[in-house]
Amino acid sequence: MFTSQTSSFQDSIDVEERDDFDSEEIAGYSQKIQLNCYYTIYLYQGTRSEASGENVAWNQRRADSTTSHDDFSLTLVDSSLPAEAEPDLRTYISRRLSKGALLGGMGNIATVELGIPEQAVGCYCCLLEQERSPEQPDADGNGYVICFMGGSEKGLNLFRLELDKYVQGLHSNLQIPENLETEVRPYLSQWYEESVMHIHRVVQLVQNNISFLLHAALSHIHVEVVNSDERTKADVSRFIKAASLQGLSQQDTTTASLCKAISEDTQSDLIIDCSTSPPTLTNTVSNRFCDDWIQAFLNAAERCNPFLLRQILENFKLKAIQDMNSLKRFVRQAEMSHYALFRCYQFLQGCGNGDVLLQNARAEHSDLPEACSIISVLEEFLREQPQAQA
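The shown structure was predicted, so the numbers you read here are calculated from the model rather than taken from an experiment. Counting from 1, residues in each chain are numbered in the order their sequence is written. Side-chain atom pairs in this predicted model are given and counted only at pLDDT of 80 or more, local residue features only at pLDDT of at least 70, and totals for whole chains, interfaces and linings cover all residues. Excluded from the side-chain calculation are hydrogens and water; included are all heavy atoms of the structure.

**Notes on the overall build of the protein chain**
Stage number 1. Helix and strand content of the protein chain: 18 helices and 9 strands.
Stage number 2. Each residue gets one of three labels from its accessible area relative to the maximum for its type: buried under 20%, exposed over 50%, partly exposed in between, using a 1.4 Å probe on protein chains only. Counting only residues that meet the buried cut, the protein chain has 49% of its 390 residues in that class.
Stage number 3. Contact between two residues is taken to exist if any of their heavy atoms lie within 4.5 Å; hydrogens are not considered. Taking all contacts inside the protein chain whose residues are at least 6 apart in sequence as the whole, residues at least 24 apart take part in 73%.
Stage number 4. Each accessible area is a Shrake-Rupley estimate made with a 1.4 Å probe; only the visible protein chains count as cover when residues are assessed. About 18,900 Å² of surface is accessible on the protein chain, with carbon and sulfur atoms providing 48% of the total. The secondary structure listing takes helices from DSSP runs of H or I that are at least 4 residues long and strands from runs of E that are at least 2 residues long, numbered from the N terminus.

Following this line, the structure appears as C-alpha cells:
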C-alpha cells in the first residue's frame, strides 16, 4: 500500500509558496552563486584503545587540536572551516559523542552555531569506526568523524542517503595517512558537488525535456546516456532512481511484476545522446502530469537551489503516490458499482497520469481477476478517447 502526505496537486507543485523552505532560506541562493560549504574530519580514539602507528602520526601533527574526555579523544585531522569556527564544531561533536548520539555508520544532521558568516548552518556528521580486532572485540575502537556543513538542517536532510553513501566511500583511503593530501582532502572537498548538485546538473542538462525523465522514472523505463562522460551518466542514473517510486510499496512483488509487464509491452529505452548541445532524446514519452512539473524544476534550477529541487522532486513523487492510492480505491469500489467505474474513468482523465497509474495498478493487481478486468476496461476507454477526439 502506498502512503501520501500531499493534499493537492497545486499544493505539491507550488513548493516556493509553502513552508518547506522559507523566504530567508531561499534568498540564500542566487543564480551563479554557490552556497559556502565546508568539511572537517576528526580522528576519534577510545581511551582504552592503543592508537596505531598511522594514527599516532596524525595525532602528532594535530596535538594542539585535540579534545579529550574520560572515554575518548577527538583530534582534528583536516578542515576547510575558518580557523575561528573549528573549535565550535569540535565542541559540538564532542558533546554529541559523550551523549552517545553518534552511531557508527549512521549520519546525523542538525543545526550548529559556528563562528562563520552563516552562523547557523546545517551540519551532517558521521562516525566511521575502524573494525575491531578479533583478539579484543569489546575494546573501544578508533575511527573518524566526518562533518559536512552547508545550507540548512532541513535541506541536508533531503540528501541524507546520498551523504551516507558518500562518506562510506572514504573507508579504504582513511587507513593510509599518506592519502590525506592525494585522496582524502580532494574527496571531502567535493562532497557538495557529488552528493547534492547532481539533480541540478540533470535539470540543467535536459531543461524542458525533464518531463521525459520523470515519466521514465515513474514507468520503470530504462534510460541510457550515450556519448557522455561517466559523471553525467551517473547523474542521470541517480536522478531516475530518486524520481522512481521503487521501494515505496509494501508489496515487494509489485516492482518485479511491473518490470515483467513492461518487458512484455516491449517499450523502448529512453536514449539521451549528449553528442549535441542540447542533448538529443530518442523514444520520448510523457504525459500531462509530468509536463505540469517542468516549470517548477526550471525555476528552482535557475535559482541554483539544489535543496528546493529535491523538495520539488519529493513532492512530485508524493503526488503520484496519492493518485495511485485514489485509483486503487476507485478500482475496489468499481467492482461493486458501475458509477464508481465511471468516476474512476473521470479521475484518470483529469489527473493526466492515467497511463502510468494503470500500468502500476495492473502489476499490483495481477493476482486479482476482477480488478484486472476493471483495469482492462479502463485502458480500453482511455485508448478510445484520443480516437473519439480525432
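**As for the sheet that holds strand S8 (residues 270–273)**
Stage number 1. Taken together, 3 strands build an open sheet; the order of strands is S7-S8-S9 and the sheet is mixed. Because the sheet does not close on itself, it has two edges, and the strands there are strand S7 (223–226) and strand S9 (280–282). Across the sheet, the axes of successive neighbouring strands diverge by a mean angle of 20°, strand direction being ignored.
Stage number 2. Along the sheet face, helix H11 (residues 230–243) touches S7 and S8 and points at about 165° away from the line of S7. Pairing between two strands is assigned when DSSP locates at least 2 bridges connecting them. The convention used is that axes are lines fitted to C-alpha atoms, helices contributing only their stretch in contact, and that angles between N-to-C directions extend from 0 to 180 degrees.

**Re the pairing of strand S6 (residues 142–149)**
Stage number 1. Most of S6 sits out of view: 8 of its 8 residues are buried.
Stage number 2. Note that strand S1 (residues 38–46) and S6 share 8 bridges and pair antiparallel. Across the sheet, the residue bridging to Tyr39 is Phe148, located in S6.
Stage number 3. With 7 bridges connecting them, strand S5 (residues 120–129) and S6 associate as antiparallel partners. The partner of Leu128 across the bridge, within S6, is Tyr144.

**As for helix H14 (residues 294–302)**
Stage number 1. Taken residue by residue, H14 has Ile294, Ala296, Phe297, Leu298, Ala300 and Ala301 as its buried positions.
Stage number 2. Cys304 occupies a position one or two residues after H14 and carries a positive phi of about 55°.

**With respect to the environment of Leu170**
Stage number 1. Position of Leu170 among the secondary structure elements: in the loop between helix H6 (160–168) and helix H7 (179–189).
Stage number 2. In this structure Leu170 comes out as buried when scored by relative accessible area, which is 1%.
Stage number 3. Expressed as a C-alpha distance, the spacing of Leu170 and Val184, which sit 14 residues apart in the sequence, is 7.1 Å.
Stage number 4. If we skip the residues at most four places from it in the chain, Leu170 touches Leu128, Ile146, Val184, Tyr187 and Leu188.

**Considerations on the packing of aromatic side chains**
Stage number 1. Here the aromatic set is Phe, Tyr and Trp, taking the six-membered ring for Trp, and pairing holds for ring centres within 6.5 Å; pairs whose planes are under 30 degrees apart are stacked, those over 60 apart are edge-to-face, and all others are tilted. A full pass over the atoms with the stated rule returns 10 aromatic pairs.
Stage number 2. When the centroid spacing of 5.9 Å and the interplanar angle of 15° are considered together, the rings of Tyr124 and Phe148 count as stacked. Of the two residues, Tyr124 is situated in strand S5 and Phe148 in strand S6; the sequence distance between them amounts to 24 residues.
Stage number 3. Under the relative-accessibility criterion, Tyr124 is labelled buried at 0%.
Stage number 4. Each ring, one from Trp191 and one from Tyr192, has its centre 5.7 Å from the other, and the planes form 80°; the classification is edge-to-face. Tyr192 carries the same exposure label as Trp191, and that label is buried.
Stage number 5. Clustering of aromatic rings is evident, with ring pairs tying together Tyr124, Phe148, Tyr166, Tyr187, Trp191 and Tyr192.

**Describing the pattern of salt bridges**
Once the charged atoms of two side chains with opposite charge are near each other, the side chains can pair.
Stage number 1. Whenever Lys or Arg places a side-chain nitrogen within 4 Å of a carboxyl oxygen from Asp or Glu, that contact is recorded as a salt bridge. The final tally for this structure, using the stated rule, is 14 salt bridges.
Stage number 2. In this structure, Lys317 engages Glu314 in a salt bridge whose closest nitrogen and oxygen atoms are separated by 3.9 Å. Of this pair, Lys317 and Glu314 both sit in helix H15 (residues 306–334), 3 residues apart, which is roughly one turn of that helix.
Stage number 3. Taking relative accessible area as the criterion, Lys317 reaches 10% and is therefore assigned buried.

**Remarks on unusual backbone geometry**
Stage number 1. In this model, Ser277 is joined to Pro278 through a cis peptide bond whose omega is 0°.
Stage number 2. Its place among the elements puts Pro278 in the loop between S8 and S9.
Stage number 3. Residues other than glycine seldom take positive phi values, yet Asn283 does so here, at roughly 65°.
Stage number 4. Within the fold, Asn283 resides in the loop between S9 and helix H13 (288–291).

**Some words on the nonpolar core**
Here is a general trend for soluble globular proteins: nonpolar side chains tend to be buried in one another's company.
Stage number 1. By size, the foremost hydrophobic cluster in this structure holds 89 residues, and its most contacted members are Phe148, Leu213, Leu214 and Phe239.
Stage number 2. Here this core gets 13 residues from one element, more than from any other, and that element is H15.
Stage number 3. With residues near it in sequence (within four places) discarded, Leu214 still touches Phe239, Ala243, Cys290, Trp293, Phe297, Leu313 and Phe316. Residues belong to a common nonpolar core when they are buried Ala, Val, Leu, Ile, Met, Phe, Trp, Tyr or Cys residues joined through side-chain atoms within 4.5 Å.

**Comments concerning the confidence of the model for the protein chain**
Stage number 1. Of the residues in the protein chain, 75% have a pLDDT of 70 or more, and the chain-wide mean is 80.
Stage number 2. Confidence per residue, as judged by the predictor, is encoded in pLDDT with a range of 0 to 100. The least confident element of the protein chain is helix H2 (residues 23–27), whose mean pLDDT is 40; the most confident is helix H9 (residues 198–206), at 97.
Stage number 3. Long-range and interchain partners of residues 1–7, a stretch whose pLDDT sits below 50, account for 28 contacts in this model, where long-range means more than four residues apart.
Stage number 4. Within the model, pLDDT remains below 50 along residues 260–264, and this stretch shows 6 contacts once partners closer than five positions in the same chain are excluded.

**Topic: helix H4 (residues 86–98)**
Stage number 1. A helix is expected to span 1.5 Å for every residue after the first. An ideal rise of 1.5 Å per residue puts 18 Å on 13 residues; H4 measures up with 18 Å between its terminal C-alpha atoms.
Stage number 2. Gly100, located one to two residues past H4, shows a positive phi value of around 70°.

**Here's the deal with the side chain of Asp78**
Stage number 1. Along the chain, the position of Asp78 falls in strand S3 (residues 72–79).
Stage number 2. Its relative accessible area of 5% is what places Asp78 among the buried residues.
Stage number 3. Polar contact criterion, stated in full: a pair of N or O atoms within 3.5 Å, where within protein one must be able to donate a hydrogen and the other to accept it, and residues adjacent in sequence count only if both atoms are side-chain atoms. One polar contact links Asp78 to Arg185, side chain to side chain, over a distance of 2.8 Å.

**A short note on the packing of H9 against H15**
Stage number 1. Contact geometry for H9 and H15: axes closest at 8 Å, N-to-C directions at 80°. By the criterion of interaxial angle, the relationship of H9 to H15 is roughly perpendicular. For the pair H9 and H15, contact is made by His198, Ile199, His200 and Val203 and by Leu309, Arg310 and Leu313, respectively.
Stage number 2. Split by residue class, the contact of H9 with H15 holds 4 nonpolar, 2 polar and 1 charged. The labels follow the angle: roughly parallel below 35 degrees, roughly antiparallel above 145, roughly perpendicular from 65 to 115, and oblique for the rest. Residue classes follow a fixed rule: Ala, Val, Leu, Ile, Met, Phe, Trp, Tyr, Cys and Pro count as nonpolar, while Asp, Glu, Lys and Arg count as charged, and any other residue, Gly among them, counts as polar.

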